[in-house]
Amino acid sequence: MPGDATGSENRHIATLVIGCLMMGSMGVFANLIEQTHAANVVFMRFFFCVLSLPLIALIAYPLSPRATRIKLAETLTFIRCFPRVWLMVGASMGLAIALYTLGSVLLSVGLSVILLYTASIWFPLADRIACRYLFRDLKPVHFREAYYLSVLLNLSGLAIIIMGTTRLPDFGSSSSVIGLVCAVSAGIAFAITMVLTRVMKINGIKTDQVIVPSSVIGSLLMLPAVFFLPLSISVSNIGYALGMGFVATALGGLVYFKGFGSVRPALAPILAYFEPIFGFSLAVLVLSEAFTPLLLTGMGLILLTNIGYTLLDISRSRQLLDGLDP
């Protein structure tokens, strides 16, 4: 029935949008944690994500035992059959999450969530390096002229943001400088993850599997911070840490990937941009972050460029599929 199909798609769209909202809330939770070093905020995000994953599995099993068994089997297969890729994608995604979280705490949630999308700048270079040195049987991605135009526009947006950030009156402290470096570097780490997820897809591994290795490896790498840097354990901090690890990372990631995989391919990539939009909006509404016109220009240029290229790519893919129809 057409009505049933429409209702089903609306539910999938709602699932993806809710996932975007949950993931976009990370920066708010991170900034509400008090008297705790930024490195330990990162550790708490990874640690509570690790704790949340088996809890989610236990809750999901009575509701959908078959789907839960399939997901667990996929996780074990990934670890057993592709240990090298598991470690690499865990390290790269863990680094991207860590740098993004540090940028959100030390600099700005709104800036960090937008700068994460500058990954498209670094993706061609990361792809070529991976094909040449890491995965010699992997064919390099062919990029059209429009992609390189989007790279140029993203670089322009990045330059505007860096210039605007360094002109802020409160910029100059070590934390703000480190935060800016982390926020920019998160995009580079995410570009590497994009290449590795391409390797995962080629080998039949679903992209939602990045949640487990990134949280496990991230927890292990950040564990020393607990012993050497300030950490405040309180009811409120534990609650916000649960928000980061459970709501924004573990459950949010699963809901996001569930929605992304169920929505029409022509629609899912566009809806995914609700994540940076929600992240920016929550930073303004909850944390009262304010941005100069120069910063807003750079952020808008990056976001609109990526949305525009995504729409163009979808249009070209649809035309190709239409041309293949008998």
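The structure displayed is predicted, hence computed values, not measured ones.

Thresholds, definitions, all that
Residues numbered from 1 in each chain as written. Predicted model: local features only at pLDDT ≥ 70, side-chain atom pairs only at ≥ 80, totals over all residues. Heavy atoms only, no water. Helix = DSSP H or I, 4+ residues; strand = E, 2+ residues; numbered from the N terminus. Rg over C-alpha atoms; globule rule 2.2 N^0.38 Å. Buried < 20%, exposed > 50% of the residue type's maximum accessible area, 1.4 Å probe, protein only. Contact = heavy atoms within 4.5 Å. Lys, Arg positive; Asp, Glu negative; His and termini not counted. Charge placed at Lys NZ, Arg CZ, Asp CG, Glu CD. Patch = residues over 30% accessible without salt bridge, like charges linked within 9 Å, V, L, I, M, F, W, Y side chains within 5 Å. Areas by Shrake-Rupley, 256 points an atom, 1.4 Å probe, with all protein chains shown as cover. Salt bridge = Lys/Arg side-chain N within 4 Å of Asp/Glu carboxyl O. Phe/Tyr/Trp six-rings, centres within 6.5 Å; stacked < 30°, edge-to-face > 60°. Lys NZ or Arg CZ within 6 Å of the ring centre and 35° of its normal.

## Focus: the overall build of the chain
Here's step 1: When its secondary structure is counted, the chain shows 14 helices and zero strands.
Here's step 2: Seen in sequence order, the chain has helices and strands lined up from the N terminus as α-α-α-α-α-α-α-α-α-α-α-α-α-α.
Here's step 3: The globule rule puts the C-alpha radius of gyration for 326 residues at 20 Å, and the 20 Å found for the chain is close to it.
Here's step 4: Overall, the C-alpha framework of the chain stretches about 65 × 50 × 45 Å when taken along its three principal axes.
Here's step 5: In the chain, which comprises 326 residues, the proportion classed as buried is 45%.
Here's step 6: A separation of at least 24 residues holds for 86% of the contacts in the chain among residues at least 6 apart in sequence.
Here's step 7: Positive and negative side-chain charges of the chain, numbering 20 and 14 respectively, have mean locations separated by a distance of 8 Å.

## Some remarks on a nonpolar patch on the surface
Here's step 1: On the surface, Leu125, Ile129, Tyr133 and Leu134 cluster together into a nonpolar patch covering about 410 Å² of accessible area.
Here's step 2: Structurally, Ile129 can be placed in helix α7 (residues 119-134).
Here's step 3: According to the relative accessible area criterion, Ile129 is partly exposed, its value standing at 40%.

## Let's talk about the packing of aromatic side chains
Here's step 1: All chains considered together, the criterion is met by 12 aromatic pairs.
Here's step 2: Taken together, a centroid distance of 5.6 Å and an interplanar angle of 80° make the contact between Phe47 and Phe48 edge-to-face.
Here's step 3: Overall, the relative accessible area of 34% leaves Phe47 in the partly exposed class.
Here's step 4: Seen in terms of ring centroids, Tyr147 and Tyr309 are 5.3 Å apart; in terms of plane orientation they differ by 80°. Their pairing is edge-to-face. Taken together, the residues span a long stretch of sequence, with Tyr147 in helix α8 (residues 145-166) and Tyr309 in helix α14 (residues 293-324) at a distance of 162 residues.
Here's step 5: Residue class for Tyr147 comes out buried when judged on its relative accessible area of 7%.
Here's step 6: Each residue in the set Phe123, Phe143, Tyr147, Tyr148 and Tyr309 is aromatic and connected to the rest through ring pairs, giving one cluster.
Here's step 7: Lying across the ring of Phe135, Arg84 places its NZ or CZ 4.9 Å from the centre.

## A closer look at the pattern of salt bridges
Here's step 1: For the structure on display, the rule yields six salt bridges.
Here's step 2: A salt bridge links Lys206 to Glu74; the nearest nitrogen and oxygen atoms lie 3.4 Å apart. Placement of Lys206 in the loop between α9 (174-202) and α10 (211-228) and of Glu74 in helix α4 (residues 65-81) is noted, with a sequence separation of 132 residues between them.
Here's step 3: Overall, Lys206 belongs to the partly exposed group, its relative accessible area being 47%.
Here's step 4: Asp127 is the salt-bridge partner of Arg128, the closest N and O atoms lying 3.3 Å from each other.
Here's step 5: A relative accessible area of 37% places Arg128 in the partly exposed class.
Here's step 6: Sharing partners across several salt bridges, the network here consists of Lys71, Glu74, Lys206 and Asp208.

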